[in-house]
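What the coordinates show
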Amino acid sequence: MKKIEHIGIAVNSIETSNILFKKLLGTPCYKEEEVASEGVKTSFFKTGLNKIELLEATKEDSPIAKFLEKKGEGIHHIAFEVQDIVAEIARLKEEGFTILNEIPKKGADNKLVAFVHPKTTNGVLIELCQEIV
Ligand code: ZN
């Protein structure tokens with residue numbers, strides 16, 4: 001794994017939270033994107049080299065809706081950038097981690113993504129992401 005690519009935060013309203021995070025970080029959201037297949041709307045903020053992703057549910061059965069229902073707003077996942085997502089999934093499986101989707105899927109921000117089940121990572125949902133070139 002190369003570095004933390006971003007931290008994902010589940011929010012009830014992107015509209016409201018975009019205003020809040022603009023105030024907090026002193027910089028506006030630079031990109032908004034809906035991932036219809038995941039039932040999620042996202043917005044991205046940059047602070048120096050670091051990125052924050054806000055996630056709002058767009059349908060009731062989306063993973064974000066379920067997370068918000070169970071835990072409320074808060075940190076949803078930590079995303080790590082990887083060079084070769086297929087190899088990394090294979091390595092983590094070999095190490096005994098549970099991968100939620102063994103075939104990488106298209107996520108927000110032009111990335112291939114896969115998730116590691118929080119039950120096998122001390123309660124933290126881990127996202128692997130590889131830039132699509
Ligand atoms: Zn993410």
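Note that the structure is a prediction, hence the values are computed from the model and not measured.

1. Re the sheet that holds strand E1 (residues 3-10)
Here 8 strands make up an open sheet; going across it, the order is E2-E3-E4-E1-E5-E8-E7-E6 and the pairing mixed. A single partner strand is all that each edge strand has here, and the edge strands are strand E2 (31-35) and strand E6 (105-107). Each strand of the sheet is rotated relative to its neighbour by a mean of 35°, with strand direction disregarded. Bridging between E2 and strand E3 (residues 40-47) involves 5 bridges; their strand directions are antiparallel. Among the inter-strand pairings, Glu32 is bridged to a residue of E3, identified as Ser43.

2. Considering the coordination of the zinc ion
Taken together, His6 (NE2), Glu53 (OE), His77 (NE2) and Glu127 (OE) make up the protein donors of the zinc ion, found 2.0 to 2.1 Å from the metal. On the primary sequence, the residues serving as donors to the zinc ion are separated as H-x46-E-x23-H-x49-E. Taken together, the positions of His6 in strand E1 and His77 in strand E5 (residues 74-81) put the pair 71 residues apart, joining distant regions of the chain. In this structure, His6 and His77 share a single accessibility class: buried.

3. Let's talk about the pattern of salt bridges
Where charged atoms from two side chains of opposite charge approach closely, those side chains can pair. Throughout the structure, instances matching the rule amount to 12 salt bridges. In this structure, Asp109 and Lys51 form a salt bridge, with 3.1 Å as the shortest nitrogen-oxygen distance. Placement of the pair is Asp109 in the loop between E6 and strand E7 (111-116) and Lys51 in strand E4 (residues 50-57), with a sequence separation of 58 residues. With its nearest N and O atoms 3.8 Å apart, the salt bridge here joins Glu131 to Lys111. With Glu131 in strand E8 (residues 125-131) and Lys111 in strand E7, the pair connects residues that are 20 residues apart, well separated along the chain. Look at Glu131 and you get partly exposed, because its relative accessible area is 43%. Overlapping salt bridges, with partners in common, bring together Glu5, Lys31, Lys51, Asp109, Lys111 and Glu131 in one network.

Definitions and limits used
- Residues numbered from 1 in each chain as written.
- Predicted model: local features only at pLDDT ≥ 70, side-chain atom pairs only at ≥ 80, totals over all residues.
- Heavy atoms only, no water.
- Pairing = 2+ DSSP bridges.
- Helix = DSSP H or I, 4+ residues; strand = E, 2+ residues; numbered from the N terminus.
- Axes fitted to C-alpha atoms, helices over the stretch in contact; angles between N-to-C directions.
- Donors = N, O, S within 2.8 Å, 3.2 Å for Na, K, Ca; no water.
- Buried < 20%, exposed > 50% of the residue type's maximum accessible area, 1.4 Å probe, protein only.
- Salt bridge = Lys/Arg side-chain N within 4 Å of Asp/Glu carboxyl O.

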